[in-house]
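Given next are the chains, with one letter for each unit.
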Amino acid sequence: MRTPIIAGNWKMFKTVAEATAFIQEVKGKAEVDGVESVICAPYTSLPALVQAVKGTTLKVGAQNLHWEDSGAFTGEISGAMLKDLGVDYVIIGHSERRAYFAETDENVNKKVHAAFKHGLLPIVCVGESLEEREAGKTKDVCRVQTEAALQGLSAEQAAQVVVAYEPIWAIGTGKTSTAQDAADVIGYIRERISAVFGGEVAGKVRIQYGGSVKPNNIREFMQKEDIDGALVGGASLEPASYVQLVEGAR
Ligand SMILES: O=C(CO)COP(=O)(O)O
């Protein structure tokens, strides 16, 4: 049995005061038995969030990291620094980072290794553009991105990875994959993980859907056996909406 995981990706939203006020609002309510609930916030809010979730089952994640532990990398943050703060998860390879910050499959792989080195769990994002979808390349793109991201991991590490399948055309657009389509692609990603790491590992890896997930459609996705949760942008920013997402994953 895989524990469903709802992760809010706040992207570049919320001040420290707004972030802590959010936790006060959702405490208790976004804590549902059998569902893991993670808030992935901008770096600036992470220390306050780690404090605010103490004594709750809520977890905190970052949205990126650098693969080196330290060095002359102006503006970057290392896995060692995130671990030092008490962060649990880190999003790696989000399509916005791939598109706007030149994130490559190779860098994603280095970051995944860095996350494990420092005891952080990676949420690895994969997904196709509209052009790739229309050209029938969805599964190929997801296979290449997933295999590259997980390259060189031990079976034990691979089993702990969370993959987020986020079709780029569904992010922030109000358009979603159908639940069946998302489940098909996610099933295929699991097959490829099985081909590389074996069925036992593939059976443990949690694979989320992401892209315009809202309280009114979360249940459709969660009804699919292969979909283990959601990575949510816009609808994770409002406390009431976030609580409904976590409840919808039960
Ligand atoms: O990019 C996403 C989560 O990482 C999805 O964003 P939206 O839920 O706003 O479409």
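Further up the page is the structure itself.
Residues numbered from 1 in each chain as written. Predicted model: local features only at pLDDT ≥ 70, side-chain atom pairs only at ≥ 80, totals over all residues. Heavy atoms only, no water.

**Observations concerning the site of the ligand**
Moving on, step 1. Residues in contact with the ligand amount to 13 residues; listed here are only the nearest, K11, H94, G172, S212 and G234.
Moving on, step 2. H94 is positioned such that a nitrogen or oxygen atom in its side chain is 2.8 Å from an oxygen atom of the ligand.
Moving on, step 3. Separating an oxygen atom of the ligand from a backbone N or O atom of G233 is a distance of 2.9 Å.
Moving on, step 4. For the ligand, whose unbound accessible area comes to 310 Å², protein coverage reaches 96%.
Moving on, step 5. Looking at the shell around the ligand, its residues break down into four nonpolar, seven polar and two charged. (Near = heavy atom within 4 Å. Polar contact = N/O pair within 3.5 Å; in protein donor to acceptor, adjacent residues only side chain to side chain. Areas by Shrake-Rupley, 256 points an atom, 1.4 Å probe, with all protein chains shown as cover. Nonpolar A, V, L, I, M, F, W, Y, C, P; charged D, E, K, R; others polar.)

**Overview of the pairing of strand β6 (residues 162-165)**
Moving on, step 1. Going residue by residue along β6, you find V162 and A164 tucked away on one face and V163 and Y165 tucked away on the opposite face as well.
Moving on, step 2. Examined bridge by bridge, strand β5 (residues 121-126) and β6 share four bridges and lie parallel to one another. Within the sheet, the bridge partner assigned to I123 lies in β6 and is V162.
Moving on, step 3. Here β6 pairs with strand β7 (residues 206-210) via four bridges, running parallel. Across the sheet, the residue bridging to V162 is R206, located in β7. (Buried < 20%, exposed > 50% of the residue type's maximum accessible area, 1.4 Å probe, protein only. Helix = DSSP H or I, 4+ residues; strand = E, 2+ residues; numbered from the N terminus. Pairing = 2+ DSSP bridges.)

**What to know about unusual backbone geometry**
Moving on, step 1. Even without being glycine, K14 reaches a positive phi, approximately 85 degrees.
Moving on, step 2. Along the chain, K14 turns up in the loop between β1 (5-9) and α1 (16-26).
Moving on, step 3. Of note, S212 is a non-glycine position whose phi angle comes to about 55 degrees, a positive value.
Moving on, step 4. With respect to the secondary-structure elements, S212 resides in the loop between β7 and α11 (218-222).

**With respect to the layout of surface pockets**
Moving on, step 1. Computed from the structure, the largest pocket encloses a volume of approximately 520 Å³.
Moving on, step 2. Considering the residues around the largest pocket, the lining is formed by 18 residues, among which K11, M12, Q63, R97 and F101 are closest to the centre.
Moving on, step 3. Residue classes in the lining of the largest pocket are distributed as eight nonpolar, six polar and four charged. (1 Å grid on protein atoms, 1.4 Å probe; cavity = no way out; pocket = protein on both sides within 12 Å on 5 of 7 lines; lining within 4 Å. Points joined across faces, edges and corners; volume = space filled by probe spheres on them.)

**Considerations on helix α9 (residues 179-197)**
Moving on, step 1. Relative to the 27 Å expected for 19 residues at 1.5 Å per residue, α9 spans 26 Å between its end C-alpha atoms, a close match to the ideal helical length.
Moving on, step 2. Where α9 is concerned, the buried positions are A179, A182, A183, V185, I186, G187, Y188, I189, R190, I193 and F197.
Moving on, step 3. Count one or two residues on from α9 and you reach G198, which has phi positive near 95 degrees. (Expected span 1.5 Å × (residues − 1).)

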